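Structural overview for review
Listed here are the chains, written in short residue letters.
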Amino acid sequence: MLAVFSSIMPIFLLILLGNLLRRLPLFEGGFWQGLNRLGFYVLYPVLLFTSIYRANFEQLDTLSIGLTFMVALTFMGVVTLASWPYFRSQGMRGPQFSSIFQSSVRWNGFIALAIADALYSPEAVALVALIMAVIIIPIQLATISVIIALSETKDGKRPPLLRNLATNPLMLAVALAILLKIIPFALPEFAMGTLDLLARAALGMGLLGVGAGLLLDDLAHPKLSAFLPIALKLIVLPILVVSLGLAVGIGDDALVFMALCAAMPTAMNGYVVAKELGGDAPFYAAVATLQTATSFFFHPRRFNPDRALFRWRLTCLPCGDRFLAVSDQLEMTDAHNFAPFAQRHLIGLKGLQYPDIENLLERADAAVELSRQREKKRTVFRGLTQINLFFEASTRTQASFELAGKRLGADVMNMSVASSSVKKGETLLDTAMTLNAMHPDILIIRHSSAGASALLAQKVECSVVNAGDGAHEHPTQALLDALTIKRHKGRLDGLVVAICGDIRHSRVARSNIVLLNTMGAQVRVIGPSTLMPPGIADMGVQVFHRMEDGLKECDVVMMLRLQRERMAGGFVPSVREYFRHFGLDAAKLALAKPDCLVMHPGPMNRGVEIASDIADGPQSVIEEQVEMGVAVRMAVMEALLEASERVAS
């Protein structure tokens, strides 16, 4: 939350600076009126034009998003107009009510653009531009029509409606941008360069102008009627937009961007419109002041949805429970909530400290919730390239890394070693140099030789993840095992974990021993002496050669397969004999705690290291391990990307 606060604060400081400058005797009284007119007729239209013209809408569901906002704003306008008879009966005049209407439907795109750029991905900026393209013209049509219809002039003549609509600079800018995107027509670079300079000035000056128009004195004595547009704009509209978005199947990331846009205060340029067309400009400024000051507390990433009253109200609304799930999930998956990860590569778990592993597990736990949503894709890796380089056969791990990369938005390439130049005699170093020339952003490698991933990491510029190197380590498998255990047991420290089977050839066993010891678990290894590596007792584990001894009072049993492809000689007398002594069946499992978890990294050999009824039984979490694998690999790649970006900067 601190990161969100610090990202938004410069925007509000610029608004406060504008208010402060207006109060200082540095500028004459007419300066700010001239600035407002300059913004309304030149700067704001240029910003609208460039934002829409340059935006890439290809990744957005333009029809659903556009219709959602149009329906929501139409509802807002109808509700506001329906309150006019009541306010008129209370003595309110037409110009004042037109300011209520304006502040209920107008929308401050400058603050939305600034927050989207500070907190979110480029997709959020594009979505803000899309909403500008969809709603600016209808908003101008509605507000100008209402202001003119309710205006009161001394001579009884109202401003000409059609002329004001036809010459409205905001409508013209949006229409021109849409037209040029449809044709399409490419403006010369020098012209776009000039417009970009004006647009950058417009954003800063627009925020200063918002601040200069604020009447902070009105915050002390607000009018009761001013709270209607505040409630409609900052509470009802965001909930309505998200509910409609969920109903039409808009993705989770886009929903939060839409909630951002819906929770914006009214635009200060409505003051100019009210002043020129006969509305109540001072009252509009007062309402805009209250909305802007209040909007910070209703920002979708600023507000805490855990408040019981807020949650109860949402569950009473259509799709409210779904909205809470989206809010919770995006609050958890916000990368700013996690501590920075220090390493650019993940070669092994040895050397990682408790906070490093806890950091990755927290990220992965958040990614689990994302993977369970209907819309699973994020944009963190959009435009980035991931290469999966597997020198050994793999189904689960390769598919898991591929799916994780695609859910993060990466362009994923699976390199088939069977048809690569490696078969023609190319060395690993030659392969590394070739891949490095392609400028990937992250490289996933599995190799039969221990140390291959570490060597590759020294030769390439991108991040490297070890997906298993010989009998050395398999760090992401140990992380997903730890995440599975933690989600069931709530902790790792103090648990008794038995790793059973072929310890000698297992990289999974080595990584799990390192991780579990670091996290405070008590680790036991069980297997025949022929399948125990030399010096295993020095790794901080208890060694057992009988399942009946090692399984007593265990919280977790982790079975390993016989890795015959790594065996050069006879390590077990026979498969049948091995299962009789070291295979997990119901009788042996009964020696562990009643709630003991049964795990297996896969692939399983049923009837060799584990009985089918145990693998498919109620204590088995083997299928869940596969699910955790995608989440862990998403978390690891995202953490490494952040570390790489920090190094590059």
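Preceding block: the structure.
All of the points below concern the structure found in this document. Note that this is a predicted model, so its numbers are computed, not measured. (Residues numbered from 1 in each chain as written. Predicted model: local features only at pLDDT ≥ 70, side-chain atom pairs only at ≥ 80, totals over all residues. Heavy atoms only, no water.)

**A few points about the overall build of the protein chain**
Operational definition: Counting from the N terminus, the helices are DSSP H or I runs at least four residues long and the strands are E runs at least two residues long. With a 1.4 Å probe rolled over the protein chains alone, any residue whose accessible area is under 20% of its type maximum counts as buried; one over 50% counts as exposed, and the rest are partly exposed. Contact between two residues is taken to exist if any of their heavy atoms lie within 4.5 Å; hydrogens are not considered. Computed with the Shrake-Rupley method and a 1.4 Å probe, the accessible areas treat only the protein chains shown as cover for residues.
Within the protein chain one finds 27 helices and 9 strands. For the protein chain, with 649 residues in total, the buried portion stands at 55%. Considering only contacts within the protein chain whose residues lie at least 6 apart along the sequence, 78% involve residues at least 24 apart. Counting every atom, the protein chain has about 27600 Å² of accessible surface; 60% of that belongs to carbon and sulfur.

**Here's the deal with the state of the cysteines**
Where we set the bar: The rule for a disulfide is simple: a pair of cysteine sulfur atoms within 2.5 Å.
Using the criterion set out here, one finds 0 disulfides in the structure. Free of any disulfide, cysteine 500 has its nearest neighbouring cysteine sulfur in cysteine 554, separated by 7.1 Å. We note that cysteine 596 lacks a disulfide partner, and the nearest cysteine sulfur, in cysteine 554, lies 6.2 Å from it.

**Thoughts on the packing of helix α3 (residues 62-82) against helix α5 (residues 94-105)**
To keep things clear, this is the line we draw: In this analysis, axes come from line fits to C-alpha atoms, helices being fitted only over the stretch in contact, and the angle between any two N-to-C directions falls in the range 0 to 180 degrees. Should an angle fall under 35 degrees it is called roughly parallel, over 145 degrees roughly antiparallel, and 65 to 115 degrees roughly perpendicular, with every other angle called oblique. By definition, turning the near helix anticlockwise from the far helix through less than a right angle yields a left-handed crossing, and turning it clockwise yields a right-handed one. Lys, Arg, Asp and Glu make up the charged group, whereas Ala, Val, Leu, Ile, Met, Phe, Trp, Tyr, Cys and Pro make up the nonpolar group; the residues left over, Gly among them, are polar.
Remark: α3 packs on α5, axes separated minimally by 9 Å, with the N-to-C direction vectors making an angle of 160°. As summarised for this structure, α3 and α5 are arranged roughly antiparallel, according to the angle between their axes. Helix-helix and strand crossings are classified by hand; for α3 and α5 the assignment is right-handed. Together, Leu73, Met76, Gly77, Thr80 and Leu81 of α3 and Phe97, Ile100, Phe101, Ser104 and Val105 of α5 make up the contact between the two elements. Residues belonging to the contact of α3 with α5 are distributed by class as follows: 7 nonpolar, 3 polar and no charged.

**Describing the pattern of salt bridges**
Note the cut-off: By convention in these notes, a salt bridge is any Lys or Arg side-chain nitrogen within 4 Å of a carboxyl oxygen on Asp or Glu.
A full pass over the atoms with the stated rule returns 14 salt bridges. With a closest N to O distance of 2.3 Å, arginine 37 and glutamate 276 form a salt bridge. A residue pair is termed long-range when its members are at least 10 positions apart, and arginine 37 in helix α2 (residues 29-54) and glutamate 276 in helix α13 (residues 270-277) qualify at 239 residues. Classification of arginine 37 by relative accessible area gives partly exposed; the value is 42%. Classification of glutamate 276 as partly exposed rests on a relative accessible area of 36%.

**Comments concerning empty space enclosed by the protein**
Where we set the bar: Grid spacing is 1 Å over the protein atoms alone, the probe is 1.4 Å, and a cavity is where that probe fits but cannot get out, while a pocket is an open set with protein on both sides within 12 Å along at least five of seven lines and lining residues have an atom within 4 Å of a point. Grid points are joined across faces, edges and corners, and a volume is the space filled by probe spheres set on the points.
Per the stated rule, a full pass over the model turns up 5 cavities of 30 Å³ or more. If you add up the space inside the largest cavity, you get close to 160 Å³. What lines the largest cavity is a set of 15 residues, among which Leu48, Trp107, Gly109, Ile136 and Asn269 lie closest to the centre. Here the lining of the largest cavity is built from residues that sort into 10 nonpolar, 4 polar and 1 charged.

**Quick look at the pairing of strand β5 (residues 496-500)**
Formally: At least two bridges found by DSSP between two strands are what make those strands a pair. By definition, the crossover connecting two strands over a helix is right-handed if that path, from the first strand to the second, turns clockwise as seen with the strands pointing away from the viewer.
Among the 5 residues of β5, 5 are classified as buried, and the element is accordingly described as predominantly covered. Pairing analysis gives 5 bridges linking β5 to strand β6 (residues 522-526), with the strands arranged parallel. Residue pairing across strands places alanine 498 opposite arginine 524, the latter belonging to β6. In this fold, β5 hands off to helix α22 (residues 507-518), which returns the chain to β6; that crossover is right-handed. Pairing geometry for β5 and strand β8 (residues 556-559), over 4 bridges, is parallel. Of the residues in β8, the one forming a bridge with valine 497 is valine 556.

**What about the environment of glutamine 477?**
Summarising the element assignment, glutamine 477 is placed in helix α21 (residues 475-489). Along the backbone, glutamine 477 and valine 626 are 149 residues apart, and their C-alpha atoms lie at a distance of 9.6 Å. Those residues in contact with glutamine 477, other than ones at most four positions away along the chain, are Val508, Pro601, Gln625 and Arg633.

**Let's talk about the nonpolar core**
Operational definition: By convention a nonpolar core is built from buried Ala, Val, Leu, Ile, Met, Phe, Trp, Tyr and Cys residues, the set being connected through side-chain atoms within 4.5 Å.
Ile65, Phe69, Trp107, Leu127, Val128, Ile131 and Met132 are the most contacted members of the largest nonpolar core, which totals 68 residues. At 15 residues, helix α7 (residues 122-150) tops the list of elements feeding residues into this core.

**Section: the sheet that holds strand β7 (residues 542-544)**
A sheet is described by the order of its strands in space; here 5 strands give the open sequence β7-β6-β5-β8-β9, paired in parallel fashion. In this open sheet, the two strands that pair with only one neighbour each are β7 and β9 (597-599). Across this sheet, the average inter-strand angle for adjacent strands is 20°, counted without regard to direction. When β8 meets β9, the two strands line up parallel, connected through 3 bridges. Within the sheet, the bridge partner assigned to methionine 558 lies in β9 and is methionine 599. Packing against the sheet, α21 makes contact with β8 and β9, and its axis sits at approximately 165° to β9.

**Points about helix α9 (residues 169-182)**
We count it as follows: What a helix should span is 1.5 Å times the count of its residues minus one. Two N or O atoms count as a polar contact when they lie within 3.5 Å, although within protein this holds only if one can serve as hydrogen donor and the other as acceptor, and sequence-adjacent residues are included solely when both atoms are side-chain atoms.
End to end, α9 covers 20 Å across 14 residues, agreeing with the expected 20 Å (1.5 Å per residue, within 8%). Residues of α9 that are buried: Pro169, Leu170, Met171, Ala173, Val174, Ala177 and Leu180. A side-chain oxygen of the first residue of α9 lies 3.1 Å from the backbone nitrogen of leucine 170; this N-cap is asparagine 168.

**Comments concerning the pairing of strand β1 (residues 385-390)**
For β1, a buried count of 5 out of 6 residues is recorded, marking the element as mostly surrounded by other parts of the structure. Sheet topology note: the β1/strand β3 (residues 442-447) ladder contains 5 bridges and is parallel. Note on β3: the bridge partner recorded for glutamine 386 is isoleucine 442.

**Concerning the environment of lysine 350**
Mapping lysine 350 onto the fold places it in the loop between α16 (320-333) and α17 (354-371). On the basis of relative accessible area, lysine 350 is assigned to the exposed category, the value being 73%. Counting along the chain gives 160 residues from lysine 350 to arginine 510, while the straight-line C-alpha distance between them is 9.5 Å. Dropping the residues within four chain positions of it, lysine 350 is found in contact with Glu473 and Val514.

**Quick look at the packing of α3 against helix α11 (residues 227-247)**
The N-to-C vectors of α3 and α11 enclose an angle of 140°; their axes lie 9 Å apart at closest approach. Classed by the angle they form, the pair α3 and α11 counts as oblique. The handedness of the crossing between α3 and α11 is right-handed. Residues Thr68, Phe69, Val71, Ala72, Leu73, Phe75, Met76, Val79 and Thr80 of α3 pack against Leu232, Lys233, Val236, Leu237, Leu240, Val241, Leu244 and Gly245 of α11. In terms of residue class, the contact of α3 with α11 is built from 13 nonpolar, 3 polar and 1 charged.

**Description of the packing of aromatic side chains**
For any pair of aromatic rings, the description consists of the separation of the ring centres together with the inter-plane angle of the planes. So the rule is basically this: Here the aromatic set is Phe, Tyr and Trp, taking the six-membered ring for Trp, and pairing holds for ring centres within 6.5 Å; pairs whose planes are under 30 degrees apart are stacked, those over 60 apart are edge-to-face, and all others are tilted.
Following the criterion strictly, the structure yields 6 aromatic pairs and no others. Taken together, a centroid distance of 5.0 Å and an interplanar angle of 90° make the contact between phenylalanine 40 and tyrosine 41 edge-to-face. Overall, phenylalanine 40 belongs to the buried group, its relative accessible area being 3%. One aromatic cluster in this structure is built from Trp84, Tyr86, Phe87 and Phe97.

**Some remarks on helix α18 (residues 396-407)**
Its 12 residues give α18 an end-to-end C-alpha distance of 16 Å, which sits within 8% of 16 Å, the value for a rise of 1.5 Å per residue. Three or more residues of α18 are buried, namely Thr397, Gln398, Ser400, Phe401, Ala404, Gly405 and Arg407. Looking one or two places after α18, you find glycine 409, whose phi comes out positive at around 95°.

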